[in-house]
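The chain contents come next:
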Amino acid sequence: MTPQARVQAAIEILDAVIAAARSGGPSADRIIADWFRTRRFAGSGDRRAVRDLAYGAIRACGEVPVSGRAAMLHLAQDDAALAALFDGSRHAPLPIAPDEPVAAGGIAPAWLTQRLAESGIAGAAAAALLARAPLDVRVNTLKARRDALELPLPGEPLAAPQGLRFAHGTPVEQWQAFKDGQIEVQDGGSQLACAAVDAAPGETVIDLCAGAGGKTLALAADMAGKGRLIACDTDRARLSRLAPRAARAGVPPIDTRLLGPGRELDALVDLAGKADAVLVDAPCSGTGTWRRNPEARWRLTPHELARLTAIQSRLLDVAAVLVRPGGRLVFVTCSLLDAEGADQVAGFLARHSAWQAVPLDLGAGTPRGHGLRLDPLQDTTDGFFIARLAAPW
Ligand SMILES: C[S@@+](CC[C@H](N)C(=O)[O-])C[C@H]1O[C@@H](n2cnc3c(N)ncnc32)[C@H](O)[C@@H]1O
């Protein structure tokens, strides 16, 4: 592809990303993969260049742009070489007209930027939400040890006890250690959220929102494969991805429970008051993971945020029913908004006055309300809110 054709391709992809953000359609990654699937003439250099252009524009524009071309023109404003590629030649974008719409730059839509600022995330901390994430792995202690594992490249040890960091794009999934289940790809913040559960061998631990089991596998390793681990979710497809991952990681079969939204306890009655620990890795806005999917900020609306916070409160109450007297509940969201963090825990403690928040020391993070917040600027992880709550005896 010519440099001009790459820009035009990025514009077409951005049009699709914008439409998907408005209609709840596929992710930018999916759209880019689909675009190239039908254009076999594009080589790996073309893919990388088009992807970088598209993601560069997504990261740079806070509000949803009116079009892919307006988003790309925002980048071209400060890049004369890019602007010169709008030359109208074959497969190139049309020349830039003087009165064309140009998308505005920014961190996120105005309402969301304000909510972040009210939650103490502004300036450099807000910009860091859109930085490029490194690649973190967790050493699986069921099969290996961080200090005795030989890998093709040395990783940088993280605050998370089994975490190692590599540069973005390191092909760890091709390494034998990955194929053998000795390492899992998992953000350092996500690993710290699991450490907050402090799961121990022989315990009964429930992962209430397990998804495809990223955190479940870390809990299983902490339990040394001994005890009872129950992985739950309302999404059958996600939950079904856990079994093959567990097999690769050498984790004994895990009890999985498919939950009905709003009727979660129906499938968990046998566990009421029995769990030593319940992890609520709740569905959330994902403001802490924009480094990986920056277009998510174009999808979020105040209405969607209100829907998510209502689910989070309900899941906290569901979890409280499952925890045994003296047991623990760990609440986690990958969000920096207080509505999905500190406020959520304050609300829980107001509803359950006999429960207590337990201070956390994970070697990273900043206290926020009754919990701890990890943020991409200070902690160089994805953004997370983590709180640990103790049930009364
Ligand atoms: C943040 S994700 C979990 C990610 C997962 N723990 C991991 O580490 O990969 C939140 C999960 O909550 C699930 N979920 C949504 N509503 C739920 C509900 N009412 N009960 C349980 N899980 C729910 C979603 O399907 C999603 O998989």
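- In the annotation of an unreviewed UniProt entry, the protein chain is listed under the name RsmB/NOP family class I SAM-dependent RNA methyltransferase and assigned to Novosphingobium aquiterrae.
- Under the UniProt heading Sequence similarities (unreviewed entry), the note attached to the protein chain is "Belongs to the class I-like SAM-binding methyltransferase superfamily. RsmB/NOP family."

### As for the sheet that holds strand β4 (residues 183–185)
Reasoning step 1: Overall, antiparallel pairing links the four strands, which are arranged β2-β3-β1-β4 in an open sheet. With partners counted over all chains shown, the strands left at the sheet margins are β2 (156–157) and β4, one partner each.
Reasoning step 2: Pairing analysis gives four bridges linking strand β1 (residues 135–139) to strand β3 (residues 163–166), with the strands arranged antiparallel. When the bridges of β3 are listed, L135 appears paired with F166.

### Concerning the site of the ligand
Reasoning step 1: Taken together, 19 residues lie around the ligand, and C209, G211, G214, K215 and D235 are the ones closest in.
Reasoning step 2: Residue assignment for the shell around the ligand shows that the elements contributing at least two residues are α10 (214–222), β6 (228–233) and α14 (302–322).
Reasoning step 3: Its residues assigned to classes, the shell around the ligand comprises 10 nonpolar, three polar and six charged.

### Some details on the environment of E264
Reasoning step 1: Note on placement: E264 falls in the loop between β7 (255–258) and β8 (275–281).
Reasoning step 2: As for E264 and L208, which are separated by 56 residues in sequence, their C-alpha atoms are 9.1 Å apart.
Reasoning step 3: The contact partners of E264, leaving out residues within four places of it in the chain, are L259 and V318.

### Notes on unusual backbone geometry
Reasoning step 1: Non-glycine residue H91 carries a positive phi angle of around 65°.
Reasoning step 2: Position of H91 among the secondary structure elements: in the loop between α5 (80–84) and α6 (110–118).
Reasoning step 3: With 12 C-beta atoms packed within 10 Å, H91 lands in the exposed category.
Reasoning step 4: Phi is positive for D198, close to 55°, though the residue is something other than glycine.

### Examining the nonpolar core
Reasoning step 1: L219, V278, V280, V330, F331, V332 and I386 are the most contacted members of the largest nonpolar core, which has 82 residues in total.
Reasoning step 2: Looking at this core, you find at least three residues from each of domain 2 (135–185) and domain 3 (188–390).
Reasoning step 3: Excluding its chain neighbours within four sequence positions, the residues that come into contact with V280 are L208, C209, L315, L316, A319, L329, V330, F331 and V332.
Reasoning step 4: The next biggest cluster of nonpolar side chains, apart from the first, holds 29 residues, and it includes I13, V17, A21 and A28.

### Thoughts on the confidence of the model for the protein chain
Reasoning step 1: Considering every residue of the protein chain, the mean pLDDT works out to 96; 100% of them sit at 70 or more.
Reasoning step 2: This complex was scored by the predictor with a pTM of 0.95 and an ipTM of 0.99.

### Focus: the packing of α14 against helix α15 (residues 342–351)
Reasoning step 1: Packing of α14 against α15 brings their axes to within 10 Å, and their N-to-C directions diverge by 40°. Relative to α15, the element α14 is oriented oblique. Read as a crossing pair, α14 and α15 show a hand that is right-handed. For the pair formed by α14 and α15, the contact residues are T309, Q312, S313 and L316 on the first element and Q344, G347 and F348 on the second.
Reasoning step 2: In the contact of α14 with α15, the residues fall into two nonpolar, five polar and no charged.

### Examining the packing of helix α1 (residues 3–23) against helix α4 (residues 68–77)
Reasoning step 1: At a minimum axis separation of 7 Å, α1 and α4 run at an interaxial angle of 125°. Here α1 is positioned oblique relative to α4, judged by the angle of their axes. The hand of the α1/α4 crossing is right-handed. Contact residues: V7, A10, I11, E12, I13, L14, D15 and I18 in α1; G68, R69, A71 and M72 in α4.

### What about the domain arrangement of the protein chain?
Reasoning step 1: When the domains of the protein chain are assigned, the result is domain 1 (3–106), domain 2 (135–185) and domain 3 (188–390).
Reasoning step 2: Computed over C-alpha atoms only, the centres of domain 1 and domain 3 are separated by 36 Å.
Reasoning step 3: Facing eight residues of domain 1, the contacting portion of domain 3 comprises five residues.
Reasoning step 4: Considering each element in turn, the side of domain 1 that touches domain 3 owes the most residues, three residues, to helix α3 (residues 44–60).
Reasoning step 5: Within the side of domain 1 that touches domain 3, the residues separate by chemical class into six nonpolar, one polar and one charged.

### Focus: the pairing of β8
Reasoning step 1: Of all seven residues making up β8, seven are buried, and the element is well covered by its neighbours.
Reasoning step 2: Direction of pairing for strand β5 (residues 204–207) relative to β8: parallel, over a ladder of three bridges. Counted as the bridge partner of V205 is A277 from β8.
Reasoning step 3: With six bridges joining them, β8 and strand β9 (residues 323–333) adopt parallel strand pairing. Paired with V278 across the bridge in β9 is L329.

Criteria and cut-off values
- Residues numbered from 1 in each chain as written.
- Predicted model: local features only at pLDDT ≥ 70, side-chain atom pairs only at ≥ 80, totals over all residues.
- UniProt positions renumbered as here; feature names shortened; annotations may be inferred.
- Pairing = 2+ DSSP bridges.
- Helix = DSSP H or I, 4+ residues; strand = E, 2+ residues; numbered from the N terminus.
- Near = placed C-beta within 6 Å.
- Nonpolar A, V, L, I, M, F, W, Y, C, P; charged D, E, K, R; others polar.
- Contact = placed C-beta atoms within 7 Å.
- Buried ≥ 20, exposed ≤ 12 C-beta atoms within 10 Å, placed from the backbone.
- Core = buried A, V, L, I, M, F, W, Y, C linked by C-beta atoms within 7 Å.
- Domains from an automatic or database assignment.
- pLDDT = per-residue confidence, 0-100.
- Axes fitted to C-alpha atoms, helices over the stretch in contact; angles between N-to-C directions.
- Parallel < 35°, antiparallel > 145°, perpendicular 65-115°, else oblique.
- Left-handed = near helix turned anticlockwise from the far one by under 90°.

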